[in-house]
Amino acid sequence: MREFFVVGGRKLSYLDFGGPGAPLLALHGHYNEASAFAPLAGALAPRWRVLALDQRGHGESDRARSYERDDYVADVAAFHRHLGVGPVAVLGHSLGGVNAYQYAARQPDRVRALIVEDIGAVVNSDWSFTLGLPRHAPTRQDLVAALGSTAPCLECSFRRSEGGWGFSFGIEDTVASQKALNGDHWQDWAAVACPTLLIRGTRSDELADAHAREMITRRAGRARLAELPAGHVVHHDAPVQFAAAVEDFLSGPG
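Thresholds applied
- Counting of residues starts from 1 at the beginning of each chain's written sequence and follows it residue by residue.
- Given that the model is predicted, a residue must reach a pLDDT of at least 70 before its local features are reported, and side-chain atom pairs must reach 80 or more before they are shown or counted; all residues, however, enter totals for whole chains, interfaces and linings.
- The side-chain numbers reported here are obtained from all heavy atoms of the structure, hydrogens and water having been left aside.
- Secondary structure elements are taken from DSSP: a helix is a run of H or I of four residues or more, a strand is a run of E of two residues or more, and numbering for both begins at the N terminus.
- By definition here, a helix of n residues has an expected span of 1.5 Å times n minus one.
- Summary of the burial criterion: residues with accessible area below 20% of their type's maximum are buried, those above 50% are exposed, and those between are partly exposed, where the area comes from a 1.4 Å probe applied to protein chains only.
- Pairing between strands is defined by DSSP: at least two bridges between the two strands are required.
- For crossovers, right-handed means that the path from the first strand over the helix to the second runs clockwise, given strands pointing away from the viewer.
- Salt bridges are counted wherever a side-chain nitrogen of Lys or Arg sits within 4 Å of a carboxyl oxygen of Asp or Glu.
- Counting of polar contacts relies on pairs of N or O atoms within 3.5 Å, with two restrictions inside protein: one atom must be capable of donating a hydrogen and the other of accepting it, and residues adjacent in sequence are counted only when both atoms are side-chain atoms.
- The arc in question is the one spanned by the directions pointing from the helix axis to the C-beta atoms.
- Only heavy atoms matter for contacts: two residues are in contact if any of them lie within 4.5 Å across the pair.
- Axes here refer to lines fitted to C-alpha atoms; in helices the fit is confined to the stretch in contact. Angles between the N-to-C directions go from 0 to 180 degrees.

Here helix α3 (residues 95–106) is 12 residues long and its end C-alpha atoms lie 17 Å apart, about the 16 Å a rise of 1.5 Å per residue gives. Burial analysis of α3 places 11 of its 12 residues in the buried class, which makes it a mostly covered element. Looking only at α3, the buried set comprises Leu95, Gly96, Gly97, Val98, Asn99, Ala100, Tyr101, Gln102, Tyr103, Ala104 and Ala105.

Of all six residues in strand β3 (residues 22–27), five are buried, a share of seventy percent or more. Looking at chain direction, β3 and strand β4 (residues 48–54) are connected through six bridges and run parallel. In the strand pairing of β4, Leu24 is matched with Val50. Where the polypeptide runs from β3 across helix α1 (residues 38–44) and back to β4, its parallel neighbour, the crossover connection is right-handed.

With that out of the way, let us pick up the pattern of salt bridges. Within the structure shown, the criterion is met by 17 salt bridges. As a salt-bridge pair, Arg106 and Asp70 come within 2.9 Å of each other at their nearest N and O atoms. Here Asp70 lies in helix α2 (residues 69–83) and Arg106 lies in helix α3, a separation of 36 residues in the sequence. A relative accessible area of 35% places Arg106 in the partly exposed class.

What follows deals with the environment of Glu227. Here Glu227 lies in strand β12 (residues 223–228). Overall, Glu227 belongs to the partly exposed group, its relative accessible area being 30%. As for Glu227 and Ser128, which are separated by 99 residues in sequence, their C-alpha atoms are 27 Å apart. Within polar-contact distance, the side chain of Glu227 engages the side chain of Arg200 at 2.8 Å. Within the local environment of Glu227, its side chain forms a polar contact with the side chain of Arg213, the two groups lying 2.7 Å apart.

All of the buried residues along helix α9 (residues 209–218) are His211, Ala212, Met215 and Ile216. Projected down its long axis, α9 carries its buried residues within an arc of 145 degrees, all on one side. Exposed residues pointing more than 90 degrees away from the buried face of α9 are listed as Ala210 and Thr217. Residues of α9 that are buried sit in contact with β7 (122–123), α8 (186–191), β11 (196–201) and β12. Ala220, located one to two residues past α9, shows a positive phi value of around 45 degrees.

This paragraph deals with the sheet that holds strand β5 (residues 88–93). Read from one edge of the open sheet, eight strands run β1-β2-β4-β3-β5-β6-β11-β12, paired in mixed fashion. In this open sheet, the two edge strands, each paired with only one partner strand, are β1 (2–7) and β12. Ignoring strand direction, the axes of neighbouring strands in this sheet form an average angle of 25 degrees. For β3 and β5, the ladder comprises four bridges, and the chain directions are parallel.

What follows is about the pairing of strand β6 (residues 111–117). Counted residue by residue, β6 has six buried out of seven residues, so it is predominantly covered. Direction of pairing for β5 relative to β6: parallel, over a ladder of six bridges. If you follow Val88 over to β6, its bridge partner there is Val111. In the sheet, β6 pairs with β11 via four bridges, with the strands oriented parallel. Along β11, the bridge assignment pairs Leu114 with Thr196.

Dropping the structure here:
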């Protein structure tokens, strides 16, 4: 079910996949939106109730003037407050992964478990792919053809308008967000107190093996690494293995 709430005059949208299970907050990456977690929500039900946010500038949420780190973290905090639930598990992919571990570091009493999908403690995003995206296409088929092999990972964000087909995110907004995401976030990563699962795709072009292992080492026994046969979008490339790794982690001892 799609729901909305307002923060600072801006509308934020989220999907509540429902069910009686414990809440799991899910935060997508760039080029995606809340619906990207529909397969995961189905796999984790009924034990877990996935609540996935359309982050600012994505999906059905409003575009924003700013996409700085503190803006995203404040949105996650507002989302959590709106839901009216206590400490939760939080999962984030890429952009959402940094948002998730920064929220966990800054609000340790609100996050009881953390899953970070394929993003590091130091981020150096290249936005040339973003600038090369088609701004619109006459048909959905044309958009798919223009995107080539990347189309399946972006299709949840396809939108039809009077001018043809495009995306639910803005190109300039995404570039601004990627620029703000870049940087050294070791302090936040190291400050996370809750049990953490870092999931890396073995074919990832974003999170190198050595960096992932250093992230685990710096957390001194409070984080563990799962590597799955996938690229950067692990939940898309290896959905069954990804859901199994998440469920195993969440079901284990804290």
